[in-house]
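# Descriptive structure summary
Each chain, letter by letter, is given below.
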Amino acid sequence: MMVMFSARRLKPGAWEDFRRAWDPGDTKPPGFQRAFHARNIRDEDEIISFGLFDMSEEDYRQWRADADAQEIQRVDHISAFVQSAPVEGVYEVVEVVEE
């Protein structure tokens, strides 16, 4: 399982534009399970986004090689609404803790 994660500070009032730019439409990466956007309850312009993907690191790298130009264009579009992104990355799940 892979997790694509980012913590972002949006430009003031940019949530709706950011959300439209973020949406991958029908071109979701393989293994897409679900994605979450969460806002800081004290600051609506601070958000975290993460998606869960049933894929291996090798699958991720292959998808990224195949879809790199398209994904770079999507991320560039998103960037128009982002003030800063101090944390971004692709992470491999190494442990699941449940009830």
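As the structure is a prediction and not an experimental result, all values here were calculated from the model. (Residues numbered from 1 in each chain as written. Predicted model: local features only at pLDDT ≥ 70, side-chain atom pairs only at ≥ 80, totals over all residues. Heavy atoms only, no water.)

## Section: the packing of aromatic side chains
Stated formally: Side-chain rings of Phe, Tyr and Trp, where Trp is taken by its six-membered ring, are said to pair if the distance between their centres is within 6.5 Å; with planes under 30 degrees apart they count as stacked, over 60 as edge-to-face, and otherwise as tilted. Helix and strand definitions follow DSSP, with helices as H or I runs of at least four residues and strands as E runs of at least two, each counted in order from the N terminus. Exposure classes here rest on a 1.4 Å probe applied to the protein chains alone. A residue is buried below 20% of its type maximum, exposed above 50%, and partly exposed in between.
Under the definition given, this model contains six aromatic pairs. Considering the side-chain rings of phenylalanine 5 and tyrosine 91, the 6.4 Å spacing of their centres and the 80 degrees angle between planes classify their relative orientation as edge-to-face. Pair noted here: phenylalanine 5 is in strand E1 (residues 2-10) and tyrosine 91 is in strand E4 (residues 82-92), with a separation of 86 residues, a long-range link. Relative accessible area serves as the criterion here: at 24%, phenylalanine 5 is assigned to the partly exposed category.

## Description of the pattern of salt bridges
Keep this limit in mind: Any Lys or Arg side-chain nitrogen located within 4 Å of an Asp or Glu carboxyl oxygen qualifies as a salt bridge.
Evaluation of the coordinates by the stated rule reveals seven salt bridges. The closest approach of N and O atoms between arginine 61 and glutamate 57, which form a salt bridge, is 2.8 Å. Taken together, the residues span about one helical turn, with arginine 61 and glutamate 57 both in helix H2 (residues 57-79) at a distance of four residues.

## Let's talk about the pairing of strand E3 (residues 43-53)
Heads up, the condition is: Any two strands between which DSSP finds at least two bridges are classified as paired.
Across eight bridges, the pairing between E1 and E3 is antiparallel. Looking across to E3, one finds that valine 3 is bridged to leucine 52. In this structure, the hairpin formed by strand E2 (residues 32-40) and E3 is closed by a connection of two residues.

## A short note on the side chain of arginine 8
Put simply, the rule reads: Pairs of N or O atoms are called polar contacts if they sit within 3.5 Å, as long as, within protein, a hydrogen donor faces a hydrogen acceptor (for residues adjacent in sequence, only side-chain-to-side-chain pairs). Only heavy atoms matter for contacts: two residues are in contact if any of them lie within 4.5 Å across the pair.
Locating arginine 8 in the fold gives a position in strand E1. You can call arginine 8 buried: its relative accessible area is 9%. Within the local environment of arginine 8, its side chain forms a polar contact with the side chain of serine 6, the two groups lying 2.7 Å apart. Setting aside residues up to four positions removed in sequence, arginine 8 forms contacts with Phe18, Trp22, Asp45, Glu46, Ile47, Ser49, Ile78, Val82, Ser84, Ala85 and Glu88.

## What to know about the side chain of serine 6
Among the secondary structure elements, serine 6 is positioned in strand E1. Filtering out sequence-adjacent residues up to four positions away, serine 6 remains in contact with Ile47, Ile48, Ser49, Val87 and Glu88.

## Examining the sheet that holds E2
Note the following rule: Axis lines are fitted through C-alpha atoms, for helices just across the contact stretch, and the angle between N-to-C directions can take any value from 0 to 180 degrees.
Pairing is antiparallel in the open sheet, where four strands are placed in the order E2-E3-E1-E4. Looking along the sheet, the strands with just one partner apiece sit at the ends: E2 and E4. For this sheet, the mean inter-axis angle between neighbouring strands, taken without regard to orientation, is 15 degrees. On the sheet, helix H1 (residues 15-22) packs against E1, E2, E3 and E4 and is oriented at approximately 165 degrees with respect to E2. Sheet strands in contact with H2 are E1 and E4, and its direction is about 15 degrees off that of E1.

## Details of H1
Note the following rule: This arc is taken over the directions from the axis of the helix to the C-beta atoms.
Of the residues making up H1, those classed as buried are Trp15, Phe18, Ala21 and Trp22. One side of H1 holds all its buried residues, which, seen down the axis, span an arc of 130 degrees. The elements touched by buried residues of H1 are E1, E2, E3, H2 and E4.

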